[in-house]
Amino acid sequence: MSKETQSHSALENKGRNTSRHLAKRYASERRFIWYTRVAILLALSALVVLLFAICSRGYTAFVQTEIATTVFFDELKIDPDGNRDSAVLKRANYTGLIKTALYKQFPDAETRQQKRALYKLIGSSMGLELRKMILADPSLIGTSQRIWFTASDDVDMAVKGKMPRDVPETQRRLSDQQLSWLETLESADQIRTVFNTMFLTTGDSREPELAGIWGAMVGSFWMMAVCIALSVPFGVMTAIYLEEFAPSNKFTDLIEVNINNLAAVPSIIFGLLGLAMFLSLFGLPRSAPLVGGMVLALMTLPTVIIAARASLKAVPPSIREGALGIGASQMQTVLHHVLPLAVPGILTGTIIGMARALGESAPLLMIGMVAFIVDVPSGPLDASTALPVQVYLWSDNPERAFIEKTSAAIMVLLAFLITMNGAAVYLRRKFERRW
């Protein structure tokens, strides 16, 4: 065989080997693309299932069942002297008026146990609602009024279909007689469902039908205000110093390494730090949004610094060189030219850091914000809780109605987080400049 023939055969073999390697490489690339598509599909499916499970359980918490009955505001029981003194009106037995109206409508409730079961059809604090009505309008005394009362959590669950009625009495919280009274009220159009304003306007309660998230929302607001006031200025100033002014030496390298490490520290560690420093050492009030905001600021600070440094680094060097070339000082260059161009990225990183802080519960548990707080806080020093902690508290309650309240609170929290992340994307697209 001649040398030309051997060389030609070698080239053909080499070409076939190259083709086989290319075919394997392309096949591997196609498999990788399909693997990533399947992974994304599985992730999206899991997310859809999670959101469906939360929404299917929680959307009913935004409506509340009410029961109507006619109440006679007996003057002899409310204001026997007829002076309309507010102190006397406050001491009246309004719960007895409701019981009298229910007993009059259902005279078959004869024994004390039956009467107690009948009164459990409505919320336990409806007497306070009647007192508010009389104090606001004393002219109602001596009249009969058809009033809609908030139903108890068991009745609410039964009306919404969350509590089956066709199971034995031992397997449900409502007795057969209570179900009979409920059906009578439904046939008489004395049952309705309305938007649950109390869920969004009241604080926490031991009674599920009265529990709301307003106290937790206000507490989260004060914590975020403290967190932003502390983390954003210090974070941006630290980023400016490290990126624009700090010399390159071992000390600054050590600071950068520690900042990156702090960004990966579990959030509960910051809670332990807050417990040891702010509560034990400095004696700050327990369960206060001020302490919670300071703890979240420590946790968010590394994220803000890293995002701000990345935004400053993304500004082209020509901006700095041009400003310095026309006589601007280094401080003027940073404040008047570099920082305005880096603001969109800084805002994006800050909002994402705040969104992470808003969803944290572990550090707040360590500083005592897990306490049962009924009153809505009026300032950062008042005892309060937060939305994630409220979800944790309600998830531990045995009542069936708290399950939908927990899911509804998660829906509200997710709405805030999605809004904050959406704002971050919007700000970046609106103000970002391409070089």
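Keep in mind it's a predicted model, so treat the numbers as computed, not measured.

**Notes on a positive patch on the surface**
- On the surface, Arg 112, Lys 115, Arg 116 and Lys 120 cluster together into a patch of positive charge.
- Positionally, Lys 115 belongs in helix H5 (residues 112-119).
- Under the relative-accessibility criterion, Lys 115 is labelled partly exposed at 30%.

**Side note on the packing of aromatic side chains**
- This model, assessed by the stated rule, comprises six aromatic pairs.
- Judged by centre distance (5.4 Å) and plane angle (85°), the rings of Phe 62 and Phe 199 are edge-to-face. Residue Phe 62 is found in the loop between helix H1 (3-58) and strand S1 (63-72), and its partner Phe 199 is found in helix H9 (residues 197-201); the two are separated by 137 residues along the sequence.
- By relative accessible area, Phe 62 is classed as buried at 18%.
- Judged by centre distance (6.3 Å) and plane angle (35°), the rings of Phe 199 and Trp 394 are tilted. Of this pair, Phe 199 sits in helix H9 while Trp 394 sits in helix H17 (residues 387-395), and the two are 195 residues apart along the sequence. For the pair Phe 199 and Trp 394, one class covers both residues: buried.
- Lying over the aromatic face of Trp 34, Arg 37 brings its terminal NZ or CZ to 5.1 Å of the ring centre.
- Over the aromatic face of Tyr 103 sits the side chain of Lys 115, whose NZ or CZ is 5.3 Å from the ring centroid.

**Concerning the sheet that holds strand S2 (residues 144-150)**
- Pairing is antiparallel across the open sheet formed by three strands, whose spatial order is S2-S1-S3. Only two strands of the sheet have a single neighbouring strand rather than two, namely S2 and strand S3 (191-195). On average, each strand axis in the sheet is inclined to that of its neighbour by 40°, with strand direction left out of account.
- The pairing of S1 with S2 spans seven bridges and is antiparallel.

**Points about H17**
- When you tally the buried positions in H17, you get seven out of nine residues, the bulk of the element.
- Of all the residues in H17, the buried ones are Leu 387, Pro 388, Val 389, Gln 390, Val 391, Leu 393 and Trp 394.

**Regarding empty space enclosed by the protein**
- Tallied over the full model, the rule gives two cavities of 30 Å³ or more.
- By volume, the largest cavity amounts to about 40 Å³.
- Taken together, Gly 203, Asp 204, Gly 215, Ala 216, Ile 373, Val 374, Asp 375, Pro 377, Ser 384, Thr 385 and Gln 390 form the lining of the largest cavity.
- Residues that form the lining of the largest cavity fall into these classes: four nonpolar, five polar and two charged.
- Its volume calculated, the second largest cavity comes out at about 40 Å³.
- Residue lining of the second largest cavity: Gln 64, Asp 153, Asp 156, Met 157, Pro 208, Glu 209, Ala 401, Glu 404 and Lys 405, and that is the complete set.
- Those elements that provide at least two residues to the lining of the second largest cavity are helix H7 (153-159) and helix H18 (401-431).
- A per-class count over the lining of the second largest cavity returns three nonpolar, one polar and five charged.

**Overview of the pattern of salt bridges**
- Tallying each qualifying case throughout the model produces 13 salt bridges.
- Salt-bridge contacts for Arg 84 lead to Asp 79; the nearest nitrogen and oxygen are separated by 3.0 Å.
- You can call Asp 79 buried: its relative accessible area is 1%.
- As a salt-bridge pair, Glu 244 and Arg 320 come within 2.8 Å of each other at their nearest N and O atoms. Taken together, the positions of Glu 244 in helix H10 (residues 214-245) and Arg 320 in helix H14 (residues 317-325) put the pair 76 residues apart, joining distant regions of the chain.
- Overlapping salt bridges, with partners in common, bring together Glu 75, Asp 79 and Arg 84 in one network.

**Regarding helix H6 (residues 126-136)**
- Regarding H6, the residues found buried are Met 126, Gly 127, Leu 130 and Ile 134. Down the axis of H6, the buried side of the element spans an arc of 110°, and every buried residue falls inside it. Counted as exposed and oriented over 90 degrees from the buried face of H6: Lys 132 and Ala 136.
- If you follow the buried residues of H6, they end up packed against S1, helix H2 (75-78), helix H3 (86-90), helix H4 (94-105) and S2.

**Examining the side chain of Thr 60**
- Structurally, the position occupied by Thr 60 is in the loop between H1 and S1.
- Among the polar contacts listed, one links the side chain of Thr 60 to the side chain of Glu 404, at a separation of 2.5 Å.
- When neighbours within four sequence positions are excluded, Thr 60 is seen to be in contact with Lys 160, Lys 162 and Glu 404.

**Some details on the layout of surface pockets**
- Its volume calculated, the largest pocket comes out at about 390 Å³.
- In terms of lining, the largest pocket is formed by 19 residues, of which the most central are Lys 120, Ser 152, Asp 154, Arg 173 and Gln 178.
- Broken down by secondary-structure element, the contributors of at least two residues to the lining of the largest pocket are H5 and H7.
- When residues in the lining of the largest pocket are grouped by element, the largest group, four residues, is from H5.
- Across the lining of the largest pocket, the residue classes tally to five nonpolar, five polar and nine charged.

**Here we look at the packing of H4 against H5**
- Close contact between H4 and H5 brings their axes to 10 Å; oriented N to C, the two are set at 105°. With respect to H5, the axis of H4 lies roughly perpendicular. In contact with Thr 95, Ile 98, Lys 99, Leu 102 and Tyr 103 of H4, H5 contributes Lys 115, Leu 118 and Tyr 119.
- Here the contact of H4 with H5 is built from residues that sort into five nonpolar, one polar and two charged.

Definitions and limits used
- Residues numbered from 1 in each chain as written.
- Predicted model: local features only at pLDDT ≥ 70, side-chain atom pairs only at ≥ 80, totals over all residues.
- Heavy atoms only, no water.
- Patch = residues over 30% accessible without salt bridge, like charges linked within 9 Å, V, L, I, M, F, W, Y side chains within 5 Å.
- Areas by Shrake-Rupley, 256 points an atom, 1.4 Å probe, with all protein chains shown as cover.
- Salt bridge = Lys/Arg side-chain N within 4 Å of Asp/Glu carboxyl O.
- Lys, Arg positive; Asp, Glu negative; His and termini not counted.
- Charge placed at Lys NZ, Arg CZ, Asp CG, Glu CD.
- Helix = DSSP H or I, 4+ residues; strand = E, 2+ residues; numbered from the N terminus.
- Buried < 20%, exposed > 50% of the residue type's maximum accessible area, 1.4 Å probe, protein only.
- Phe/Tyr/Trp six-rings, centres within 6.5 Å; stacked < 30°, edge-to-face > 60°.
- Lys NZ or Arg CZ within 6 Å of the ring centre and 35° of its normal.
- Pairing = 2+ DSSP bridges.
- Axes fitted to C-alpha atoms, helices over the stretch in contact; angles between N-to-C directions.
- 1 Å grid on protein atoms, 1.4 Å probe; cavity = no way out; pocket = protein on both sides within 12 Å on 5 of 7 lines; lining within 4 Å.
- Points joined across faces, edges and corners; volume = space filled by probe spheres on them.
- Nonpolar A, V, L, I, M, F, W, Y, C, P; charged D, E, K, R; others polar.
- Arc of directions from axis to C-beta.
- Contact = heavy atoms within 4.5 Å.
- Polar contact = N/O pair within 3.5 Å; in protein donor to acceptor, adjacent residues only side chain to side chain.
- Parallel < 35°, antiparallel > 145°, perpendicular 65-115°, else oblique.

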